[in-house]
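This is what each chain is made of:
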Amino acid sequence: MTTLSSGFARARRWLREHPLAFDATLAFCTLVAMICSSFTDPGDGHGPPAFGARTPELFSVLLMTLTAAALVLRRRRPMQVLAVTAALAAVEYVLMDPPAPVVMSTVIALYTVASRTDRPTTWRVGLLTMGGLTAAAMVFGSTPWYSQENFGVFAWTGLASAAGDAVRSRRAFVDAIRERAERAERTREEEARRRVAEERLRIARDLHDVVAHHIALVNVQAGVAAHVMDKRPDQAKEALAHVRDASRSALNELRVTVGLLRQQGDPEAPTEPAPGLAVLGELVTTFRNAGLPVEVACADRDRLPAAVDLAAYRVIQEALTNVRKHAGAGAKAEVSVVRVGTTAEVTVLDNGRGGAGRRPGTGPADGPLGDGDGLDSGGHGLVGMRERVTALGGVLTAGPRYGGGFRVHAILPVEARTGEPERPGTAGGTGLRR
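Residues numbered from 1 in each chain as written. Predicted model: local features only at pLDDT ≥ 70, side-chain atom pairs only at ≥ 80, totals over all residues. Heavy atoms only, no water.

Engineer: Give a detailed account of the pairing of strand β3 (residues 294-298), specifying residues and quantitative values.
Structural biologist: Alternating positions in β3 separate cleanly, V294, V296 and C298 being buried on one face and E295 and A297 remaining unburied on the opposite face. Relative to strand β4 (residues 333-340), β3 is paired through five bridges, and the arrangement is parallel. By the bridge assignment, C298 is partnered in β4 with V337. (Buried < 20%, exposed > 50% of the residue type's maximum accessible area, 1.4 Å probe, protein only. Helix = DSSP H or I, 4+ residues; strand = E, 2+ residues; numbered from the N terminus. Pairing = 2+ DSSP bridges.)

Put into structure tokens, the structure is as follows:
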């Protein structure tokens, strides 16, 4: 039984891959059925049909052969095949008595048309074929017009139209479901790619902030140590200690950031929270140790959402890094974080050298800005700050101050649009009240 079913499956698959062979086989089977039926006399309805009670005429055999041969082209020329088979069936009803079952080919051709066209066309063509052949059978046949053979023509042609229309509707329904599934799959893939791109951009910004800040501090302290190594070894040792602390902090933050890229099940996944205003004091201390006086004004307020807290920390970190690198000797910086209604305002000011020249790559105050920090040729520090703030629905402006210095000002909505939960321990007030 298994071998027989697998053989049928292979044959069906081969016929689907070769539609012309399938149509030729169908035409041959239809011809055999018509010839066998032409030898059968249905009788007067009171007894079973008698096979061999009559013999078809040669002209009827010719018509049956022509209509069966036309079915080979039913897929390529459905309307033409229907017209040929219907015309030959009508000729059979007009000229031959009793007529041979040439109408079998017309039924198959009408089904093909109904399954491959729209519903209005099916209705028009089906009614025309049904009415024409039924009228020919009733008018030119020797049997009464109400005989079952005449109504059989009407029933079989109507059934062919209905079956073809049902098959066409089902195919359209299946195609629509398949198209929706493919569209949904493409949408899911596009959404996944978009989320991956956003996550990569966020991680890139975090890496830039970490590297720009800590490497700048390491560079400054290493230069101090090299300068005073011979004359003041104690101060050189202190500078090297600051280098060690900055390097350790950079490694810890890099470990946290790179940990986001770990796959599930990787060992030693980091669990430390992202930095925020709660550790602003440690950040300011590193700059003071590097020789940059920093004053902080941060009022005690309610805790900020995690995304807003991180963005405020990164803005301050990047702005102070730029002050240390570009403001020149003797510069001072001021940092303020103020809660104003539903927003948090972060401001970083310095009194260093003013003008666009002190920030390589900077433009107008509200235009696209770069940081020129030397970590990359494009200078994307301030651009990264702007993207980070804009992603939360905030606004960032940066540019030279009137009378000298530079100003970075960020307005962050306290109710972030990211929908992230608040992180415990990150507060608007850091305890650094000056």
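So that's the structure; there's more coming.
Engineer: Outline the pattern of salt bridges, supporting the account with residue identities and numerical values.
Structural biologist: Any two side chains of opposite charge can pair, so long as their charged atoms come close to each other. Applying the stated rule across the entire model yields ten salt bridges. Among the ionic pairs, E198 bridges to R194, the shortest N-O distance being 2.5 Å. With E198 and R194 both in helix α7 (residues 148-228) and four residues apart, this pair spans about one turn of that helix. By relative accessible area, E198 is classed as partly exposed at 46%. Overlapping salt bridges, with partners in common, bring together E191, R194, R195 and E198 in one network. (Salt bridge = Lys/Arg side-chain N within 4 Å of Asp/Glu carboxyl O.)

Engineer: Pulling in residues and values, what's your account of the packing of helix α4 (residues 78-95) against helix α6 (residues 119-140)?
Structural biologist: When two helices pack together, their arrangement is captured by the angle between the axes and the distance separating the axes. Put simply, α4 and α6 touch, their axes get as near as 8 Å, and they point 15° apart. For the element pair α4 / α6, the angle class is roughly parallel. In this structure, α4 meets α6 at a crossing whose hand is left-handed. Counted together, M79, L82, A86, A89, A90, Y93 and V94 of α4 and V125, T129, L133, A136, A137 and F140 of α6 form the full contact between these two elements. For the contact of α4 with α6, the residue count by class is twelve nonpolar, one polar and no charged. (Axes fitted to C-alpha atoms, helices over the stretch in contact; angles between N-to-C directions. Parallel < 35°, antiparallel > 145°, perpendicular 65-115°, else oblique. Left-handed = near helix turned anticlockwise from the far one by under 90°. Contact = heavy atoms within 4.5 Å. Nonpolar A, V, L, I, M, F, W, Y, C, P; charged D, E, K, R; others polar.)

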